[in-house]
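Observations on the three-dimensional arrangement
Listed below are the residues making up each chain.
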Amino acid sequence: MRGGIYPLETIIREYVESEIIVNELMGLSNVQQVSISFLALISMCEKFYKVQDYRLEVSNSIKNRKAILKAEAYTQLRVDDAMNKISDEQIILKAINIDSKDIDPKICLKHSSDKRDIAVALNMNNVTFFLSAKLPISLTSLEVTREQYIRSIRYIMSNHNSRISEINLLSDEEINLFQMVNQTKKDFPHDLCVHQMFELQATKNPNSIAITSEEDVITYFELERRSNIVANELRRRGIGPNVLVGVYMGLSIEYVIGVLSILKAGGGYVPLDINYPQERLALMCEEANLKLLLTNNSIDINNPLQEYETIDVGSFLKSRGPHDESRPKLVNNSLDLAYVIFTSGSTGRPKGVQVQHEGLVNLIDWHLGYYNIASNISTMLFASIAFGASVWELWPYLAAGSKIYITPDDHRKKVEQLCTWIISNKIDICWLPVSIVNRLLKEDLAHSLPIKYLLTGGEKLRNPILSPLPFEIINQYGQSETTVVMMKYKIPSRSLCNHPHYIGSPIQNTQVYILGEQGELQPIGVPGELHISGA
């Protein structure tokens, strides 16, 4: 029937048969995919292309013959605009040295007239193998792709019965780099609880200012005294190790007293943002099995949280005693809960993440060392108490004996006022959300800020900086499950607009890996899932 007119049913039958072969391969389960050998894959491909040859013959009788031939003639790689710079019709990258007499390969790039469609071929004994890829790649990454392809061919030629998943695409340099990046082991006071680190500073520097707000100023001695009073009352009400207590209040001195008192009593705190919808707050309290809430004002009778037992911290401290000001006896250890913070609920239901003292102490220890935090440092509280950033805004500085300012509410969205306030209080280090940082970088006052480090994260900075800043911008990346921060990256100041914003390298006692579907390390530039281990 060569050159003849094929019946429609014949065309459909042969097309379906080829599709069945494709589906046979693509429909393999994950387990089957990793267990299939390269020889088995070649056998399936040979069967497929045998049918494809027939399909090409059939396509001669179809009006769109040219389109089908073009689609099936070779594998195309889409590349970026850099290809427009290529002037030659064919580019020979270079000869490849493979230790086998049976292979005389060359890798070449052949592009179409528009200089954007690329075919990558490996020629071995007059047989051409095409590199199949559908992802856009740049010229700089093409050499990496070439090397990975060569490593695959080398491995297959000497291990042709091995499973496809066993092909190692990583170079020795990449393996060494991954090992070096994850060498983060460092000793830290893992047997301490967080509040013990604060108590050391309260004993060492009792008269130093701890917290400053618009309404009040409190020293480390007074913060210790007041938190002891509330802690002893919590202990009297049955709060102990791993018992959770809600903190339902805004940023204030009473909030700091509250979370400290819960830890001193032995429990863990659950921050509850007063701006959250009442239904969400009720759900969080139910999920955490809370019995007691700390507040700094009375709860409205229509609020569903009104049914919980509460202690109004401010009113309790002002009430007539007697009050027990002694430091409660330590009853918890570093493996007990420090706090539970709820995720944003993107899956439809908020999820509480439990964090132990040990993980938080590791974060504190890294933060103190990386940013050179000491008692002469001033910082500020800006984040909502229910947001992860509030953890590193508070605890490292209480552990260092630093001075902490509470950002006034009317400065939070007025960037010029915020800059003026930061300058007047001589803030050394602070965290701000990306939305605020993007606006701050447009302000002339940004170049007058006294800060040494501006911490941010979660989104990409969009505004370029045309002149050097007097401070460093650090992107901090992490999840609640990793005690908020697990990676950090210093953003180059002159290229914020176009520079890729990496998430950086892991902090101390943390390891990160980008793995494929079968748990294999991914080469540089290849997408995968981020896996985290450590403190």
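Treat the numbers as computed from the prediction; the structure is a model and nothing was measured. (Residues numbered from 1 in each chain as written. Predicted model: local features only at pLDDT ≥ 70, side-chain atom pairs only at ≥ 80, totals over all residues. Heavy atoms only, no water.)

Points about the overall build of the chain
Condition: By the criteria applied, helices consist of DSSP H or I runs no shorter than four residues and strands consist of E runs no shorter than two, each listed in order from the N terminus. Only protein chains enter the calculation, and the probe is 1.4 Å; a residue is then buried if its accessible area is under 20% of its type maximum, exposed if over 50%, and partly exposed in between. Note on contacts: a residue pair is in contact if any heavy atoms of the two residues lie within 4.5 Å.
Across its full length, the chain carries 15 helices and 22 strands. Of all 535 residues assigned to the chain, the portion counted as buried reaches 46%. Long-range contacts, defined here as pairs at least 24 residues apart, represent 62% of the contacts in the chain between residues at least 6 apart.

Describing the pattern of salt bridges
The condition that has to hold: Salt bridges, as used here, are contacts in which a Lys or Arg side-chain nitrogen is within 4 Å of a carboxyl oxygen on Asp or Glu.
Tallied over the entire structure, the rule returns 15 salt bridges. Among the salt bridges present, the one from Glu224 reaches Arg327, with a minimum N-O distance of 2.7 Å. Of this pair, Glu224 sits in helix H8 (residues 220–236) while Arg327 sits in the loop between helix H11 (313–318) and strand E12 (337–342), and the two are 103 residues apart along the sequence. Taking relative accessible area as the criterion, Arg327 reaches 40% and is therefore assigned partly exposed. The network of salt bridges with shared partners includes Glu199, Glu224, Lys264 and Arg327.

As for the sheet that holds strand E19 (residues 487–491)
The test is simple: Strand pairing requires that DSSP identify at least two bridges connecting the strands.
A sheet is described by the order of its strands in space; here five strands give the open sequence E16-E17-E18-E19-E20, paired in mixed fashion. Looking at the sheet topology across the chains shown, the edges are occupied by strand E16 (429–431) and strand E20 (505–506). Relative to strand E17 (residues 453–456), E16 is paired through three bridges, and the arrangement is parallel. Of the residues in E17, the one forming a bridge with Cys430 is Leu454.

Let's talk about helix H9 (residues 253–265)
Rules: Take the number of residues in a helix, subtract one, and multiply by 1.5 Å to get its expected span.
Given a rise of 1.5 Å per residue, 13 residues ought to cover 18 Å, and the 18 Å separating the end C-alpha atoms of H9 matches this to within 8%. Among the 13 residues of H9, 12 are classified as buried, and the element is accordingly described as predominantly covered. Among the residues of H9, those classed as buried are Ile253, Tyr255, Val256, Ile257, Gly258, Val259, Leu260, Ser261, Ile262, Leu263, Lys264 and Ala265. Once H9 ends, the next one or two residues include Gly266, with phi positive near 110 degrees.

Considering the sheet that holds strand E14 (residues 378–381)
Across a sheet, paired strands are connected by hydrogen bonds in the backbone, their directions being either parallel or antiparallel. Convention followed: For helices, the fitted axis covers only the stretch in contact; all axes are lines through C-alpha atoms, and the angles between them, taken along N-to-C directions, range from 0 to 180 degrees.
One open sheet holds the four strands; their spatial order is E7-E6-E15-E14, and the pairing between them is mixed. Since the sheet does not close on itself, it has two edges, and those belong to strand E7 (217–219) and E14, each with one partner. Averaged over neighbouring strand pairs, the angle between their axes works out to 20 degrees when direction is ignored. Where strand E6 (residues 209–212) lies against strand E15 (residues 403–406), two bridges are found, and the strand directions are parallel. The residue bridging Ile211 from the neighbouring strand is Ile404, located in E15. Against the sheet, H8 engages E6 and E7, with an angle of about 85 degrees to E7.

Quick look at the packing of helix H7 (residues 194–204) against H9
Note the cut-off: We call two directions roughly parallel when the angle between them is under 35 degrees, roughly antiparallel when it is over 145, roughly perpendicular when it lies between 65 and 115, and oblique otherwise. Working rule for handedness: look at the near helix, and if it is turned counterclockwise from the far one by less than a right angle, call the crossing left-handed; if clockwise, right-handed. All residues other than Ala, Val, Leu, Ile, Met, Phe, Trp, Tyr, Cys, Pro, Asp, Glu, Lys and Arg, Gly among them, are scored as polar; the first ten of these are nonpolar and the last four charged.
Where H7 contacts H9, the axes come no closer than 9 Å and their chain directions differ by 110 degrees. On the basis of their axis angle, the class for H7 and H9 is roughly perpendicular. Every pair of crossing elements has a handedness; the one defined by H7 and H9 is left-handed. Across from Val194, His195, Phe198 and Glu199 in H7, the residues of H9 making contact are Leu260, Leu263 and Lys264. Within the contact of H7 with H9, the residues separate by chemical class into four nonpolar, one polar and two charged.

Focus on a nonpolar patch on the surface
Applied cut-off: Exposure above 30% relative accessible area and the absence of a salt bridge qualify a residue for a patch, where like charges join within 9 Å and nonpolar side chains (Val, Leu, Ile, Met, Phe, Trp, Tyr) within 5 Å. The Shrake-Rupley method, run with a 1.4 Å probe, gives the accessible areas here. Residue values count only the displayed protein chains as cover.
Taken together, the side chains of Leu177, Met180, Val181 and Ile524 make up a nonpolar region of the molecular surface, amounting to roughly 330 Å² of accessible area. Take Met180: it is sitting in helix H6 (residues 172–181). Met180 sits in the exposed class, given a relative accessible area of 52%.

A short note on the confidence of the model for the chain
For clarity, the threshold we go by: Values of pLDDT, the confidence the predictor places in each residue, fall between 0 and 100.
On average, the chain scores 78 in pLDDT, and the residues at 70 or more come to 69%. Under a pLDDT of 50 for its full length, residues 53–125 has, in the predicted model, 134 contacts with residues more than four places off or in other chains.

Brief notes about the nonpolar core
This is how it is decided: By convention a nonpolar core is built from buried Ala, Val, Leu, Ile, Met, Phe, Trp, Tyr and Cys residues, the set being connected through side-chain atoms within 4.5 Å.
Within the largest apolar cluster, 95 residues are counted, with the highest numbers of intra-cluster contacts made by Ile211, Leu223, Trp395, Leu398 and Leu432. With residues up to four places along the chain from it excluded, the contact list for Ile211 reads Asp216, Val217, Ile218, Leu223, Ile253, Val256, Leu398, Ile404 and Ile406.

Looking at the pairing of strand E18 (residues 472–477)
One ladder, built from four bridges, connects E17 with E18; its direction is parallel. Considered in E18, the bridge of Thr456 is made with Asn475. Pairing analysis gives five bridges linking E18 to E19, with the strands arranged antiparallel. From the neighbouring strand, Ile473 faces E19, where its bridge partner is Ile491.

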